Amino acid sequence: MSDFPYSSVGASETPGETLRDLAGEAVWDDLVRQSYERWHPPGVLLLQQGEPGTLVLAVLRGVAKVVRTSRSGAPTLLAFRGPGELLGEVAVRGGGVRLASVETLTRCKVAVMMAPEFTRFVDAHELSPVLERYALARLRESTQARGGGDVLHRLAVTLVKFADISRARELAVTHDELAQHLRVSRNTITRLLRELESCQVWARRKRIVIDDLPALRRVANSDGG
Ligand SMILES: Nc1ncnc2c1ncn2[C@@H]1O[C@@H]2COP(=O)(O)O[C@H]2[C@H]1O
């Protein structure tokens, strides 16, 4: 995916709900300062479903996908995560294993903090209520993506969100991943992407190109029912 700057013309209607938004820049900066930074190429597994929670990752650049695989082996793409998001805090705070796997979709820069340091950080900054709001925001997002309603609208919302977090006009996402995310068939995604060509959205091999983000945003901001 190209990583050239892409202005998100027409600000997103959704209030910022990344951890950086909810905790504030000062706390986020402190978290990053106390972590160590790493770059990863696309396609790298950052967190593995079922493993214990030994660390958390703050996303600084790029886009990663969160995928949960069922017992039968069927994957579901739960979310795309970009700068300002925290990953891996569920197992660290809950004491269980990772709920899902996280894999880079583009080149990603993350800040790594080990579990004991993160627990101390949360206590020192009294972040528990913030993390609770963060979890609720995520629940809302997942429910809106998969909870039924007009699929064209949900697809537009997903593509706009991806474009905003990656700040790119070429999105490294496949039809299968979009189908998993929105809980519809691959054929439905193919058909709807064709409809979105009126907004200059072009389906290419393993990527989607958005040539008129404001037009797509208008579809995303319309009442999807
Ligand atoms: N539905 C979801 N939406 C966004 N992120 C999620 C979702 N489920 C899990 N995650 C993140 O993916 C991480 C996987 O490891 P953890 O379960 O430790 O913590 C998880 C969260 O940070």
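Thresholds applied
Residues numbered from 1 in each chain as written. Predicted model: local features only at pLDDT ≥ 70, side-chain atom pairs only at ≥ 80, totals over all residues. Heavy atoms only, no water. UniProt positions renumbered as here; feature names shortened; annotations may be inferred. Helix = DSSP H or I, 4+ residues; strand = E, 2+ residues; numbered from the N terminus. Core = buried A, V, L, I, M, F, W, Y, C linked by side-chain atoms within 4.5 Å. Buried < 20%, exposed > 50% of the residue type's maximum accessible area, 1.4 Å probe, protein only. Contact = heavy atoms within 4.5 Å. Near = heavy atom within 4 Å. Polar contact = N/O pair within 3.5 Å; in protein donor to acceptor, adjacent residues only side chain to side chain. Areas by Shrake-Rupley, 256 points an atom, 1.4 Å probe, with all protein chains shown as cover.

## Focus: the UniProt feature "domain: Cyclic nucleotide-binding" (unreviewed entry) in the protein
Logical step 1: This chain's UniProt record puts "domain: Cyclic nucleotide-binding" (unreviewed entry) on residues 27-122.
Logical step 2: Here residues 27-122 is 22% helix and 43% strand, with 10 Å between the C-alpha atoms at its ends.

## Things to note about the nonpolar core
Logical step 1: Leu-155 and Leu-159 are the most contacted members of the largest nonpolar core, which totals 32 residues.
Logical step 2: Breaking this core down by element, the ones donating at least two residues are β5 (75-81), α6 (151-166), α7 (175-182), α8 (186-195), β11 (207-210) and α9 (213-221).
Logical step 3: Looking at this core element by element, the count peaks at nine residues for α6.
Logical step 4: Not counting chain neighbours up to four residues away, the residues in contact with Leu-159 comprise Leu-171, Leu-178, Leu-193, Leu-196, Val-201, Ile-208, Ile-210 and Leu-216.
Logical step 5: Listed in part, the 22 residues of the second largest apolar core include Leu-31, Leu-86, Met-113 and Val-122.

## Examining the site of the ligand
Logical step 1: Near the ligand lie 17 residues; those nearest to it are Gly-88, Glu-89, Ala-91, Arg-98 and Leu-99.
Logical step 2: Glu-89 has a polar side-chain atom sitting 2.7 Å from an oxygen atom of the ligand.
Logical step 3: At a separation of 3.4 Å, an oxygen atom of the ligand approaches a polar backbone atom of Val-90.
Logical step 4: Computed on the free molecule, the ligand has an accessible area of 450 Å², of which 95% lies beneath the protein chains in the complex.
Logical step 5: Taken together, the elements giving at least two residues each to the shell around the ligand come down to β5, β6 (86-87), α3 (89-94) and α5 (128-146).

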